[in-house]
Amino acid sequence: MNDRHKQFFAAALAALLFAGAAPAAGPALPADQRASLVLLDEERHLVLMEMRNFLAVLQTITDAITREDMKEIARAARSMGSGAANEIPPRTVAKLPEEFKVLAGGVHTTFDLMALDAESLADPKHTLVQMNELLQKCNACHGIYQIKVGRGASSRK
Ligand code: HEC
């Protein structure tokens, strides 16, 4: 173990001990400050299903990169592109703020580009660069929004 590792473990241990010593009714944990999208339970289910599909496709693409299988990369990326069937009904889309739709659109067009470039450039490293851009977009939106179940209109905190 080098010094940096030792420091890290000491800090981790201190955090654990501190957490253990905190009284049950201690200071409130920090609240989730992200803006709330208020959806019906079944709408939340659809959005989260799409999210899990995103993650599954990223896994498929990562695996295809390791095999330099450009055809599979193009196929998988296209399945999440802007031409892919949209599972979210218009009345649900109407509840989503414009900014959310712009961020989601950016993910779909990045998948489009990934598919096109996989076919024309056939460079796995380039796909990886696009994967990084894609993940930044996933993270950006996750930093802004959370989904709450309710009947009311979507509201920003
Ligand atoms: C336009 C906004 C947006 C984009 C872009 C986005 N997400 Fe999400 N994602 C969300 C929201 C909102 C949630 C629910 C978060 C919450 O309620 O805490 C979520 C949840 C998830 C979940 C949890 C699913 C579950 O079953 O609980 C996964 C996995 C996920 N996203 C993956 C991704 C991946 C991978 C990408 C990029 C390819 C991505 N998301 C892009 C908004 C987005």
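See the structure shown above.
Values in this document were obtained by computation on a predicted structure and should not be read as measured data. (Residues numbered from 1 in each chain as written. Predicted model: local features only at pLDDT ≥ 70, side-chain atom pairs only at ≥ 80, totals over all residues.)

## Remarks on the overall build of the chain
Here is the rule: Numbering goes from the N terminus for both helices and strands, where a helix is a DSSP run of H or I of at least four residues and a strand is a run of E of at least two. By definition, residues are in contact whenever their C-beta atoms, placed on the basis of the backbone, come within 7 Å of each other.
Regarding its fold elements, the chain presents six helices and two strands. Moving toward the C terminus, one meets the helices and strands of the chain in the order α-β-α-α-α-α-α-β. Pairs at least 24 apart in sequence give 80% of the contacts found in the chain among residues at least 6 apart.

## Side note on the site of the ligand
Condition: Placing the C-beta atom from the backbone, one calls a residue near a molecule or strand if that atom lies within 6 Å of it.
The local shell around the ligand holds 19 residues, among which Met-51, Phe-54, Leu-103, Cys-138 and Cys-141 are the closest. Within the residue set of the shell around the ligand, elements represented by two or more residues are α2 (41-66), α5 (98-120), α6 (124-144) and β2 (145-149). Considering every element that reaches the shell around the ligand, the biggest residue donor is α2, with six residues.

## Focus: the packing of α5 against α6
The condition that has to hold: Axis definition: a line fit to C-alpha positions, over the contact stretch in the case of helices; interaxial angles, taken between N-to-C directions, run 0 to 180 degrees. Here roughly perpendicular refers to angles of 65 to 115 degrees, roughly parallel to angles under 35, roughly antiparallel to angles over 145, and oblique to all remaining angles. Note on residue categories: nonpolar means Ala, Val, Leu, Ile, Met, Phe, Trp, Tyr, Cys or Pro, charged means Asp, Glu, Lys or Arg, and polar means any other residue, Gly included.
In the contact formed by α5 and α6, the axes pass within 10 Å of each other and the chain directions differ by 170°. Here α5 is positioned roughly antiparallel relative to α6, judged by the angle of their axes. Along its contact with α5, which presents Leu-103, Gly-106, Val-107, Thr-110, Leu-113, Met-114, Asp-117 and Ala-118, the element α6 presents His-126, Thr-127, Gln-130, Glu-133, Leu-134, Lys-137, Ala-140 and Cys-141. In terms of residue class, the contact of α5 with α6 is built from eight nonpolar, five polar and three charged.

## Topic: the packing of α2 against helix α3 (residues 70-78)
For the pair α2 and α3, interaxial distance at closest approach is 9 Å and the crossing angle is 170°. Judged by the inter-axis angle, α2 sits roughly antiparallel to α3. Contacts between α2 and α3 involve Val-57, Thr-60, Ile-61, Ala-64 and Ile-65 on the former and, on the latter, Glu-72, Ile-73, Ala-76 and Ala-77. Considered class by class, the residues forming the contact of α2 with α3 number seven nonpolar, one polar and one charged.

## Some remarks on the nonpolar core
We count it as follows: Under the definition applied here, buried Ala, Val, Leu, Ile, Met, Phe, Trp, Tyr and Cys residues are grouped into a nonpolar core through C-beta atoms within 7 Å. Burial is judged by counting the other C-beta atoms within 10 Å of a residue's own C-beta: 20 or more makes it buried, 12 or fewer makes it exposed, and any count in between marks it as partly exposed, with every C-beta position built from the backbone.
In terms of nonpolar packing, the biggest core is built from twelve residues, these being Ile-61, Ala-64, Met-70, Ile-73, Ala-74, Ala-76, Ala-77, Met-80, Phe-111, Met-114, Ala-115 and Ala-118. Taken together, the elements giving at least two residues each to this core come down to α2, α3 and α5. Here this core takes five residues from α3, the largest share from any one element. Those residues in contact with Phe-111, other than ones at most four positions away along the chain, are Ala-77, Met-80 and Gly-81.

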